[in-house]
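# Topology and contacts: notes
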Amino acid sequence: MSLLQVNKINLNVEIQGNGDPLILIHGISMDNTQWKYEIARLNQYCKTISLDCRGHGKSDKPDSYTLEDHVQDIISLMDILDYKAANIYGVSMGSYIAQGVAVAQPDRIKKLILTVPTSNGLTSSTQRLISNHAEEFTDLTDEEIVQHLAKYVAYNPKIRADLANILKTSLTPAQISVANKALTGFDYRNELHKITAETLIISGKHDELNPPSEGKVCADLIPKASFVEMKYSGHLPMLEEQQKYNEIIDKFLQPHI
């Protein structure tokens, strides 16, 4: 663990491996331990920079922040580490941040991976899903809500059964609320044409948080984008179809292999 001061807050950042820098941006309420299923493999050919976004993990947790704060944190981190260019790999919330960085600094992003993305949202995808099925969540505890969400989030039965453990967070309910508010009302659709990075977009066919239709919107609007739909996955294709997913990521980052 290394705490770096970025935009007047401390961010937990871990740098491992050798090769082209690859910035890993996790999902909402998660942290850089989200990458434990992939990091050892990626470190074989990339220098991975995995961080806890502000408000998450071991990083500082301001009382309020925005999606644009997340974006500026990544840009400033690149400046601090003296990366004139880098690749970015974002999952769910991380994909929103990654889009913002690639729109703001197109010349600095070489390859962009957006897993289970959406280009816009009035609220966080989790809040929207819970709102759409509000009657199902009456009187449920937070853990019971996560487990009930499983049928909308995951396709693989084993992943569904273990979803509460997979998505376990260190954040308090108040901190989760702040993290959700940061994703209120974002829309990149009129700006995605600015992205010049070679882009890979991956969605899960059975994902009801960010359905494949949302990934296709991103792919249609980003000039150098390719789209992959994982047939037997929901919102967690990196776990539900792990081998195939890893092969897709590796081929994109290492086309010569």
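Residues numbered from 1 in each chain as written. Predicted model: local features only at pLDDT ≥ 70, side-chain atom pairs only at ≥ 80, totals over all residues. Heavy atoms only, no water.

Right, let's talk about the environment of Lys47 for a bit. By secondary structure assignment, the location of Lys47 is in strand β4 (residues 46–51). For Lys47, a relative accessible area of 27% puts it in the partly exposed group. The spacing of Lys47 and Leu22 is 25 residues in sequence and 5.9 Å in space, taken between C-alpha atoms. (Helix = DSSP H or I, 4+ residues; strand = E, 2+ residues; numbered from the N terminus. Buried < 20%, exposed > 50% of the residue type's maximum accessible area, 1.4 Å probe, protein only.)

Let us now look at the nonpolar core. Ranked by internal contacts, the top residues of the largest apolar core, which has 43 residues, are Ile23, Ile88, Ile97 and Leu112. Of all the elements, helix α3 (residues 93–104) adds the most residues to this core, at seven residues. Apart from the residues lying within four places of it in its own chain, the contact partners of Ile23 are Ile49, Leu51, Ile74, Met78, Ala86, Asn87, Ile88 and Tyr89. Residues Leu42, Val116, Tyr152 and Leu253 belong to the second largest nonpolar core, which totals 34 residues. (Core = buried A, V, L, I, M, F, W, Y, C linked by side-chain atoms within 4.5 Å. Contact = heavy atoms within 4.5 Å.)

Our focus in this paragraph is the packing of helix α2 (residues 67–80) against α3. In contact at an axis separation of 9 Å, α2 and α3 are set at 65 degrees when each is read in the N-to-C sense. The interaxial crossing formed by α2 with α3 has right-handed handedness. Here Leu67, His70, Val71, Ile74 and Ile75 of α2 lie close against α3, whose contacting residues are Met93, Tyr96, Ile97, Gly100, Val101 and Ala104. The residue inventory of the contact of α2 with α3, partitioned by class, reads nine nonpolar, two polar and no charged. (Axes fitted to C-alpha atoms, helices over the stretch in contact; angles between N-to-C directions. Left-handed = near helix turned anticlockwise from the far one by under 90°. Nonpolar A, V, L, I, M, F, W, Y, C, P; charged D, E, K, R; others polar.)

Distances and angles like these do not, on their own, reveal function.
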